[in-house]
Amino acid sequence: MIEAQGVEFNYPAGSFALRLTSLGIAEGERVAVVGPSGGGKTTLLHLIAGILPPDRGRIRVHGMELTELGPDDRRDLRLLKLGLIFQDLELLEYLDLLDNVLLPYRVSPFLHLDREAKARAAHLLEAVGLGARLNDRPGRLSRGERQRVAFARALSTRPSLVLADEPTGNLDGATRDRVAALLFDHAEQSGATLVVVTHDPELVDRFDRVLDVRELP
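A few points on the structure.

Here is what the cut-offs are and how they apply
Per chain, the residues get numbers from 1 upward, laid out in the order the sequence is written. Totals for whole chains, interfaces and linings use every residue, but because this is a predicted model, local features are given only for residues with pLDDT of at least 70 and side-chain atom pairs only at 80 or more, for both listing and counting. Side-chain measures here rest on the full set of heavy atoms in the structure, leaving out hydrogens and waters. Strands are runs of DSSP state E lasting at least 2 residues, helices are runs of H or I lasting at least 4, and numbering of each runs from the N terminus. Multiplying 1.5 Å by the residue count of a helix minus one yields the expected span of that helix. Buried, partly exposed and exposed residues are distinguished by accessible area as a fraction of the type maximum, computed with a 1.4 Å probe on protein chains only: under 20%, between the cut-offs, and over 50%, respectively. Two residues form a contact once any of their heavy atoms are found within 4.5 Å. Under this definition, polar contacts are N or O atom pairs within 3.5 Å; protein pairs additionally need one hydrogen-donor-capable and one acceptor-capable atom, and for neighbouring residues in sequence, both atoms have to be side-chain atoms. A carboxyl oxygen of Asp or Glu within 4 Å of a side-chain nitrogen of Lys or Arg is what we treat as a salt bridge.

### Re helix α7 (residues 173-190)
So, point 1. Along its 18 residues, α7 runs 26 Å from first to last C-alpha, staying within 8% of the 26 Å computed at 1.5 Å per residue.
So, point 2. Listed in full, the buried residues belonging to α7 are Thr175, Arg176, Val179, Ala180, Leu182, Leu183, Phe184, His186 and Ala187.
So, point 3. Where α7 is buried, its residues contact β3 (30-34), α5 (115-127), α6 (143-155), β7 (161-165), β8 (193-197) and α8 (201-204).
So, point 4. Its side-chain oxygen placed 3.3 Å from the backbone nitrogen of Ala174, Asp172 serves as the N-cap of α7.
So, point 5. Residue Gly191 follows α7 closely and has a positive phi angle near 75°.

### Side note on the pattern of salt bridges
So, point 1. Scanning the entire structure with this criterion turns up 17 salt bridges.
So, point 2. With a shortest N-O distance of 2.8 Å, Arg146 and Glu93 are connected by a salt bridge. With a gap of 53 residues between them, Arg146 in helix α6 and Glu93 in the loop between β6 (82-85) and α3 (97-101) connect regions that are remote in the sequence.
So, point 3. For Arg146, a relative accessible area of 18% translates into the label buried.
So, point 4. By relative accessible area, which is 39% here, Glu93 ends up partly exposed.

That is the geometry; function is a separate question.
So this is what it looks like as structure tokens:
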């Protein structure tokens, strides 16, 4: 599912650099990414997602060489194959919660917005405890509630690869367990690959492998 070779990435002015000699993540594998704040966990996810291009090296996702794809093709890959849950959440304030979850269907010409897609979006919001608030706008939500909407959106297209940055970080215990169960149920039912940044020790124990950014190969 993911293969990286000889990857180097540098932020401007030498503020941070990430080096990755070799990394492989198999289809269906569940990998927890751990390490200190500022250690490169989010950068690693952004490189895998094709949001950040490496300065050197190659990254293949779904058999596609990201460095050979243009920005539009990388965006299409994200919309069609990847479920992304990042810290910025990127909810649109002028859309209600249901339409925020359905956003990938509205911006990609390759996704068909039909009754089934709408029903799945409503079901996912129900599953994360927001089923009674489909018509609310994001401005009325807490940080944790906004995170749950982003989580539902990430699973709405049935992605084969989920990249998540602290998906349970702002949630209380019961809600955290609900969201985690939904994530692993999706992986179990669809065979999806999970790459999840987390500091939650209970969540880490549920993964096949733990990747510490301080020990990147």
